[in-house]
Amino acid sequence: MRRMLVPGLFDDYAVAPGTFDELFEASGTARSHFLRMFAMLAGRSAEEFARIQALAERALLNQGVTFSVYSDSRGTEKIFPFCLIPRIVSSVDWMRLERGLEQRTRALGLFLDDVYGPQRMLAERPELRDIVLGTKLYLPQLRHVRPPGGVRIHVAGIDLIRDERGTFRVLEDNLRTPSGVSYVMENRIISKRVMPEIFEQARIRQVDHYPARLAETLRAVSPEDPEHSTLVVLTPGPYNSAYFEHSFLARTMGVELVQPADLFVERDQVFVRTTRGPRRVHVIYRRIDDAFLDPEAFRPDSLLGVRGLMRAYAAGNVALANAPGNGVADDKAVYAFVPEMIRFYLSEEPLLEQVPTYVCARRQERDYVVDHLEQLVVKAVDEAGGYGMLMGPQSTPEAREEFRARILAEPRKYVAQPRVELSTCPTWDAGKGRVAPRRVDLRPYILTGPQGPWVLPGGLSRVALREGSYVVNSSQGGGSKDTWVQREVA
Amino acid sequence: MIARVAELCFWLGRYLERAESTARVLQVTGTLALDAGLAPEQCWRPVLAVFGERLRFASRGASAAEDDGEQVQRFMVWDEDNPSSIQASVAAARENARAIREVVSIECWEVINELFLWMRGEEAKEEYAHHRYGFYRHVRRSVQLCLGLLRSTMLHDTPLDFIWTGVLLERAGQTARVLDVHHHAFSQLPSGHQVVETSLWLSLLRACSGFEPFMKRHQGRVTGNAVAAFLLFEQEFPRSLRYCLKSAHKYLIEFHPPGTQGLPGAETVALSTRLLERLQPTALSAPGATVHGLLTQVVEDTGALCDILAAEFFGAARALGSQAMAQ
């Protein structure tokens, strides 16, 4: 099907030169896996599309699918910007990703077991030892503590990007409290509601069983009989920017959403305060950072947290998801070693590519980085959400000078990567009233129970809404798309 | 259920009921002012008294404006610092519902959220300016829809019981105050205006959504004492004090079934039982008994009941300080 023959939405669409487009070939032809729904979407005019896009946004606002904006004292909430044009992943691509993600999650889990256990890999790799044990994300007090059920990475959100040749590459491993899965499901509900005919044509794998799978995964690691275990979601409270997601997860799993003050610990067991007195809690899906979990263990100055929680955890009386201390494995410097972990623990070759990474803690790599700043993206290892970054190719000489000094002063704090040209996806530009290519990434979600990992067929596609931007984080003005994983053709 | 969540449920019920009640009283008073032949202050001053907001209103430098229906309405609809205003009640209901999104059914949450967004948007201001009746109707219907949805879409379990206890106790307080203020005001009017007087009692019934139910019971015979007795004691009218307090009592017994030990709620049940005993139809036939005297007592007891409930179930420190009591 030639584009020029079909009037409508994609008429003016031009693939950005030198990038891989998720839906169109460089020649401007729709990719074969996209053809089935292409005609239906393309047949819409910009006006028609603007109408259903507005409908979708209205629905999200009415449903309160929002995140809080901290800077606003009136507690305004905004919807996470959302583009109805989905990002489609073919079944072939997905099967490859799925295997790679399972492999990676398994290796990262074994690495964590090792780091908090015998430290075999560190013994063989002294330079890795310094990097790993040197990060504040490593919690030495948890050495030799085995988590109930033996699982550490119950929920992983592994960020992927696609380079200019269309190869998926891991950008970041999120093994602490990866968020966004509620938007995956809410976006899907809205897609189905406002464009049912297109959705029907596209043959998409479902995502709505995620909460049930999550509950099952979490119950499976309970120190007591899973059938008679109490599972709760632990949130910092309604003022947290991800509160919508916390309540979404509790609601869809049918479990209680608790705040730290609702819990207390007695005889190394965790209880929740109810209107009928205390009740024992066995599994906590916590959405609070390690540092704020237990003032007794981590931050004596903190009023937050549940005093004694880590004692109960160490005694094996409560399961925490994700396991405290996981941050050491998603540290941006440790990331560079994941392919080696896969070889070391699994004796397999990595199935997923990642982005080449220069670890400034290593002398040779540091020298290369400070000499090539204008070609590299520099990241501070302990910052997230797009903060503490230098985008070399777009930076000013002053900014590069500043980063050079920072790197030389504290090399352990920085890593650098060549800039990868992120793939683009046709995205609605409300300002211009037309569709334009915008950069995207992809965060699939991987659940791991005692039986091993499982990948949700879908994920959060984040999109840089501004023209030319590479920044997809919601905190920096990014938006999201529904990710449509296609069914295998029988 | 979690004690903190129980508290939020209770207050969600109260704020929802309060928003509806404020809208209803303002709507009815607006209609009354049109045809009762009363001076504006006889219509609007009681409204402020009903919600206990005369002082706050005066502190706005607007005491002379108590006669001015527009100023009273603006204060009771839009003033965000007035805890009885519709705007503040809707915002508070929505904030509580948001904090317990995992408890409130999705249908109900959407109605609350849409009402909140509507109040914040241009549409509501427009409706308020050009179609006041429609504005109040929108608020009332949204809340009533929500109260209906709560019962038809949620488990009939402890969380809903706490929401409903909040609705009932708020409703009892509202009926008591509306009745007290109006009964007092109307009884002071010079007698002889049969038509005016009747229409006043009818407006009081309408302010409590009790016009048609009253007529069904009394078949057209309207007197001040009959109206007062109806709003106080009618067993089958869902806004009478006795009905509200008796229904709330049933929930309180659910929370603390007779004979249980070690569960919180014993004092709450005891106080509620005493309150119901006091609220017998015979209470008005005692020598020296007046509607005002009885109501004063009931309002005080209801307030005390809320305090004890908070102390027993929500944990005293949080509950008594954390939410402004508008009584």
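Residues numbered from 1 in each chain as written. Chains lettered and ligands numbered in written order. Predicted model: local features only at pLDDT ≥ 70, side-chain atom pairs only at ≥ 80, totals over all residues. Heavy atoms only, no water.

*Asks:* Before we go on, may I ask you to explain the overall build of chain B in this structure?
*Replies:* A count of helices and strands for chain B gives 15 helices and 0 strands. The long-range share in chain B, meaning contacts at least 24 apart out of those at least 6 apart in sequence, stands at 65%. Accessible surface computed for chain B: about 13400 Å², of which carbon and sulfur atoms make up 53%. (Helix = DSSP H or I, 4+ residues; strand = E, 2+ residues; numbered from the N terminus. Contact = heavy atoms within 4.5 Å. Areas by Shrake-Rupley, 256 points an atom, 1.4 Å probe, with all protein chains shown as cover.)

*Asks:* So what exactly am I meant to see when it comes to the overall build of chain A here?
*Replies:* The helix and strand inventory of chain A stands at 13 helices and 23 strands. For chain A, the spread of C-alpha atoms along the principal axes amounts to about 70 × 60 × 50 Å. Here chain A holds 490 residues, and the buried ones make up 59% of them. Nonlocal contacts in chain A, meaning residues at least 24 apart in sequence, comprise 68% of its contacts between residues at least 6 apart. About 20000 Å² of surface is accessible on chain A, with carbon and sulfur atoms providing 50% of the total. Between the averaged position of the 64 positive side-chain charges in chain A and that of its 63 negative side-chain charges there is a distance of 2 Å. (Buried < 20%, exposed > 50% of the residue type's maximum accessible area, 1.4 Å probe, protein only. Lys, Arg positive; Asp, Glu negative; His and termini not counted. Charge placed at Lys NZ, Arg CZ, Asp CG, Glu CD.)

*Asks:* So what exactly am I meant to see when it comes to the interface of chain B and chain A here?
*Replies:* Accessible area lost when the parts come together is the quantity often used to give the size of an interface. Contacts between chain B and chain A engage 28 residues on the former and 24 residues on the latter. Summing both partners gives a buried area of about 2300 Å² for chain B against chain A, and 45% of it is carried by carbon and sulfur. Together, Ile2, Arg98 and Glu102 of chain B form the three largest contributors to the area buried by chain B at its contact with chain A, with a combined 28%. The tally of links from chain B across to chain A stands at 1 salt bridge. A salt bridge links Asp262 of chain A to Arg4 of chain B, with the nearest nitrogen and oxygen atoms 2.5 Å apart. At the junction of chain B with chain A, the criterion picks out 10 residue pairs in polar contact (both at pLDDT 80 or more). Taken together, the elements giving at least two residues each to the side of chain B that touches chain A come down to α1 (3–35), α5 (86–99), α6 (106–120), α9 (158–188) and α13 (241–255) of chain B. Per-element tally for the side of chain B that touches chain A: the top contributor is α6 of chain B, with 7 residues. (Buried area = accessible area lost by both parts, 1.4 Å probe. Salt bridge = Lys/Arg side-chain N within 4 Å of Asp/Glu carboxyl O. Polar contact = N/O pair within 3.5 Å; in protein donor to acceptor, adjacent residues only side chain to side chain.)

*Asks:* How should I be thinking about the pattern of salt bridges in this particular structure?
*Replies:* Opposite charge on two side chains lets them pair, provided their charged atoms get close. Residue and element names in this part refer to chain A. Counted under the stated rule, the structure contains 52 salt bridges over all chains. Note that Glu401 and Arg404 form a salt bridge whose closest N and O atoms lie 3.2 Å from each other. Residue Glu401 and its partner Arg404 are located together in helix α13 (residues 397–409), separated by 3 residues, close to a single helical turn. By relative accessible area, Glu401 is classed as partly exposed at 44%. Residues Glu467 and Lys432 are paired through a salt bridge, measuring 3.0 Å at the closest nitrogen-oxygen approach. On the criterion of sequence distance, the pair formed by Glu467 in the loop between β22 (460–464) and β23 (478–485) and Lys432 in the loop between β18 (424–429) and β19 (434–443) is long-range, its members being 35 residues apart. Note on Glu467: relative accessible area 58%, which makes it exposed. A residue is classified by how much of its surface remains accessible, and Lys432, at 46% relative accessible area, is partly exposed.

*Asks:* Can you help me understand the packing of helix α8 (residues 132–153) of chain B against α9 of chain B in this one?
*Replies:* When two helices pack together, their arrangement is captured by the angle between the axes and the distance separating the axes. Residue and element names in this part refer to chain B. In the contact formed by α8 and α9, the axes pass within 11 Å of each other and the chain directions differ by 145°. Here α8 and α9 pass one another in a crossing that is left-handed. Across the interface between the two elements, Leu147, Leu150 and Arg151 of α8 pack against Leu160, Ile163, Trp164, Val167 and Arg171 of α9. Split by residue class, the contact of α8 with α9 holds 6 nonpolar, no polar and 2 charged. (Axes fitted to C-alpha atoms, helices over the stretch in contact; angles between N-to-C directions. Left-handed = near helix turned anticlockwise from the far one by under 90°. Nonpolar A, V, L, I, M, F, W, Y, C, P; charged D, E, K, R; others polar.)

*Asks:* What is the right way to read the sheet that holds strand β15 (residues 376–380) of chain A from this model?
*Replies:* Sheet strands line up and pair through hydrogen bonds in the backbone, either parallel or antiparallel. All names here are of chain A. Strand order across the open sheet formed by 4 strands is β14-β17-β15-β16, with antiparallel pairing between neighbours. Edge strands, defined here as strands with exactly one partner in the open sheet, are β14 (358–359) and β16 (389–391). With 3 bridges connecting them, β15 and β16 associate as antiparallel partners. Bridge pairing in β16 places Val378 opposite Leu390. (Pairing = 2+ DSSP bridges.)

*Asks:* Just checking my understanding: could you explain the packing of aromatic side chains for this structure?
*Replies:* Centre distance and the angle of the planes are the two values used to describe a pair of aromatic rings. Under the defined criterion, the tally for this structure stands at 34 aromatic pairs over all chains. With a centroid separation of 5.1 Å and an interplanar angle of 35°, the aromatic rings of Tyr13 of chain A and Phe24 of chain A are classed as tilted. Of this pair, Tyr13 of chain A sits in the segment before α1 (35–42) while Phe24 of chain A sits in the segment before α1, and the two are 11 residues apart along the sequence. By relative accessible area, which is 1% here, Phe24 of chain A ends up buried. Both rings, one in Trp78 of chain B and one in Tyr128 of chain B, keep their centres 5.4 Å apart while their planes meet at 80°; by these two values the pair is edge-to-face. (Phe/Tyr/Trp six-rings, centres within 6.5 Å; stacked < 30°, edge-to-face > 60°.)

*Asks:* Explain the environment of Tyr445 of chain A to me, please; I cannot follow it from the model alone.
*Replies:* Residue and element names in this part refer to chain A. Mapped onto the secondary structure, Tyr445 falls in strand β20 (residues 445–449). A C-alpha to C-alpha distance of 15 Å links Tyr445 and Leu218, two positions 227 residues apart in sequence. Beyond its immediate stretch of four places on either side in the chain, Tyr445 contacts Ala156, Gly157, Ser179, Gly180, Val181, Val184, Tyr210, Trp454, Val455, Leu456, Gly459 and Leu460.

*Asks:* Any chance you could explain the pairing of β20 of chain A here in plain terms?
*Replies:* Residues and elements named next belong to chain A. Taking burial as the measure, the 5 residues of β20 include 5 buried ones, the bulk of the element. Strand direction decides the pairing type here: β20 and strand β21 (residues 452–455), joined by 4 bridges, are antiparallel. Bridging across to β21, Thr448 finds its partner in Pro453.

*Asks:* In this structure, what is going on with the confidence of the model for chain B? I would like to understand it.
*Replies:* Do not read the predicted coordinates in detail wherever pLDDT is low. All names here are of chain B. Summary statistics for chain B give a mean pLDDT of 88 and a share of 92% for residues scoring 70 or more. In this model residues 316–327 is a low-confidence stretch, pLDDT under 50, and it forms 26 contacts with partners more than four residues away in sequence or in other chains. Here the predicted complex scores 0.88 on pTM and 0.79 on ipTM. (pLDDT = per-residue confidence, 0-100.)

*Asks:* I keep staring at the pairing of β18 of chain A and nothing clicks. Help me out?
*Replies:* Sheet faces and side chains relate simply in a regular strand, where the side chains alternate between the two faces. All names here are of chain A. Counted residue by residue, β18 has 6 buried out of 6 residues, so it is predominantly covered. Residues Thr424, Pro426 and Trp428 of β18 are buried on one face, and the alternating residues Cys425, Thr427 and Asp429, pointing to the opposite face, are buried as well. Relative to β19, β18 runs antiparallel, the two being bridged by 6 bridges. Bridge assignment links Asp429 to a residue of β19, and that residue is Arg434.

*Asks:* What am I meant to see in the sheet that holds strand β6 (residues 231–234) of chain A here?
*Replies:* All names here are of chain A. On the basis of which strands lie adjacent, the open sheet formed by 4 strands has the order β7-β6-β11-β12 and parallel pairing. The sheet is open, and its two borders are formed by β7 (256–258) and β12 (319–321), each paired with just one other strand. The average angle at which neighbouring strand axes cross in this sheet is 30°, direction not considered. As paired strands, strand β11 (residues 283–286) and β12 are joined by 3 bridges and run parallel to one another. Residue Ile284 lies in a different strand from β12, and its bridge partner there is Leu320. Of the strands in this sheet, β6, β7 and β11 are in contact with helix α9 (residues 243–253), which crosses β7 at around 150°.

*Asks:* What should I look at first to understand helix α2 (residues 40–50) of chain B in this one?
*Replies:* Helical periodicity: at 3.6 residues per turn, an α-helix aligns residues three or four positions apart in one direction. By the burial criterion, the buried members of α2 of chain B are Cys43, Trp44, Pro46, Val47, Leu48 and Val50 of chain B. Taken from the residues just after α2 of chain B, Gly52 of chain B is the one with a positive phi, measuring 65°.

*Asks:* What's the story with the side chain of Glu98 of chain A in this structure? I'm lost.
*Replies:* Residues and elements named next belong to chain A. Tracing the backbone shows Glu98 in helix α3 (residues 91–115). Notably, Glu98 is buried but unbridged: the nearest opposite-charge side chain belongs to Arg205, and the N-O separation is 4.4 Å. Ignoring any residue separated from it by four or fewer positions in sequence, one finds Glu98 in contact with Arg205 and Val455.

*Asks:* When you look at unusual backbone geometry in this model, what are you seeing that I'm missing?
*Replies:* Residues and elements named next belong to chain A. For the bond running from Ala321 to Asn322, omega is -15°, close enough to zero to count as cis. Relative to the elements of secondary structure, Asn322 occurs in the loop between β12 and α11 (338–346). One non-glycine residue, Arg203, adopts positive backbone phi at about 50°. One can find Arg203 in the loop between α7 (196–202) and α8 (210–219).

*Asks:* Please clarify how the side chain of Arg443 of chain A should be interpreted in this entry.
*Replies:* Residue and element names in this part refer to chain A. Turning to its location among the elements, Arg443 is positioned in strand β19. Residue Arg443 is classed as buried on the basis of its relative accessible area of 9%. Among the polar contacts listed, one links the side chain of Arg443 to the backbone oxygen of Ser179, at a separation of 3.0 Å. Every residue in contact with Arg443, bar those within four places of it in the chain, is listed here: Gly157, Ile158, Asp159, Asn174, Pro178, Ser179, Gly459, Leu460 and Arg462.

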